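Examining the three-dimensional arrangement
What follows is the residue order along each chain.
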Amino acid sequence: MPMKTEKLRSVRHLALDMDGTIYKGGTLFEFTRPFLARMDEIGVGHTFLTNNSSKSVTDYLKHLQRMGIEARRDQMYTSMLCAVDYLKNTLPQARRLYILGTPSLRQEFVEAGYEDVGDEGEPQAVIIGFDTGLVYPRLCKAAWWIKQGKPFVATH
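One structure accompanies this document, and this report is about it. Being a predicted model, the structure only gives us computed values, none of them experimental. (Residues numbered from 1 in each chain as written. Predicted model: local features only at pLDDT ≥ 70, side-chain atom pairs only at ≥ 80, totals over all residues. Heavy atoms only, no water.)

**Let's talk about the sheet that holds strand β7 (residues 115-116)**
Ordered by their spatial adjacency, four strands build an open sheet running β7-β6-β8-β9, and the pairing between neighbours is parallel. Bordering the open sheet on either side are β7 and β9 (152-154), each of which pairs with just one other strand. Bridging between strand β6 (residues 96-100) and strand β8 (residues 125-128) involves four bridges; their strand directions are parallel. Pairing of I99 across the sheet is with I127, part of β8. Of the strands in this sheet, β6, β7 and β8 touch helix α5 (residues 103-111), which is tilted by about 165° from β6. Helix α6 (residues 136-147) contacts β6, β8 and β9 of the sheet and is inclined by roughly 140° relative to β6. (Pairing = 2+ DSSP bridges. Helix = DSSP H or I, 4+ residues; strand = E, 2+ residues; numbered from the N terminus. Contact = heavy atoms within 4.5 Å. Axes fitted to C-alpha atoms, helices over the stretch in contact; angles between N-to-C directions.)

As structure tokens, then:
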């Protein structure tokens, strides 16, 4: 067994950034599939990471699948999931959120058990992610809630 493989066997799990590391845009790098197959072969697990909050875990899984990479939900960790973990551990009482983000991001928070108050009602925290549809009045409202003392979590 080559020495390099022996050293790799001591690694138990890899954190793999996605865009720019295993693919670029919609193009998988030529080394990605062989690398992942080799890691599977020698028993090294992996988690795909992204700080891009514009897409949901489901969106990322579909994106990987279109490029020929089969991944499971438990192999993904996004900045949105990190924000949820933060909320659960730091602000467990915050269930009503004012969210600036893509529809995908907002839906993921709802699916995680949070209420997206939209432009109605008082939130318990403000979440700001990548928002392709951001309009000035919503930005002002987020700033107003933050000024009122609402906890503020940025994710992207």
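**Points about the sheet that holds strand β5 (residues 76-78)**
Read from one edge to the other, the open sheet built from three strands follows the order β1-β4-β5, with strand pairing classed as parallel. In this open sheet, the two edge strands, each paired with only one partner strand, are β1 (13-17) and β5. Neighbouring strand axes in the sheet, compared pairwise and without regard to direction, differ in orientation by 25° on average. Pairing of β1 with strand β4 (residues 45-50) involves five bridges; the strand directions are parallel. Note on β4: the bridge partner recorded for L16 is F48. Its contacts with the sheet put helix α3 (residues 57-66) on β4 and β5, and the angle it makes with β5 is roughly 130°.

**With respect to the pattern of salt bridges**
This structure, assessed with the given rule, holds six salt bridges. The closest approach of N and O atoms between E41 and R38, which form a salt bridge, is 2.3 Å. With E41 and R38 both in helix α2 (residues 32-41), this residue pair falls three residues apart, about one helical turn. Its salt-bridge partner being K150, residue E122 comes within 2.5 Å of it at the nearest N-O pair. Residue E122 is found in the loop between β7 and β8, and its partner K150 is found in the loop between α6 and β9; the two are separated by 28 residues along the sequence. For E122, a relative accessible area of 45% corresponds to the partly exposed category. (Salt bridge = Lys/Arg side-chain N within 4 Å of Asp/Glu carboxyl O. Buried < 20%, exposed > 50% of the residue type's maximum accessible area, 1.4 Å probe, protein only.)

**Overview of the nonpolar core**
Judged by nonpolar contacts, the single largest core of 15 residues is most densely connected at M18, I22, Y23, F48, L64, I69 and M76. When residues in this core are grouped by element, the largest group, four residues, is from α3. Leave out the neighbours within four places in its chain, and M76 touches M18, T47, F48, V57, Y60, L61, L64 and L81. Within the second largest apolar cluster, 14 residues are counted, among which are A83, V84, L87 and L105. (Core = buried A, V, L, I, M, F, W, Y, C linked by side-chain atoms within 4.5 Å.)

The quantities given are spatial measurements derived from coordinates; they are silent on function.
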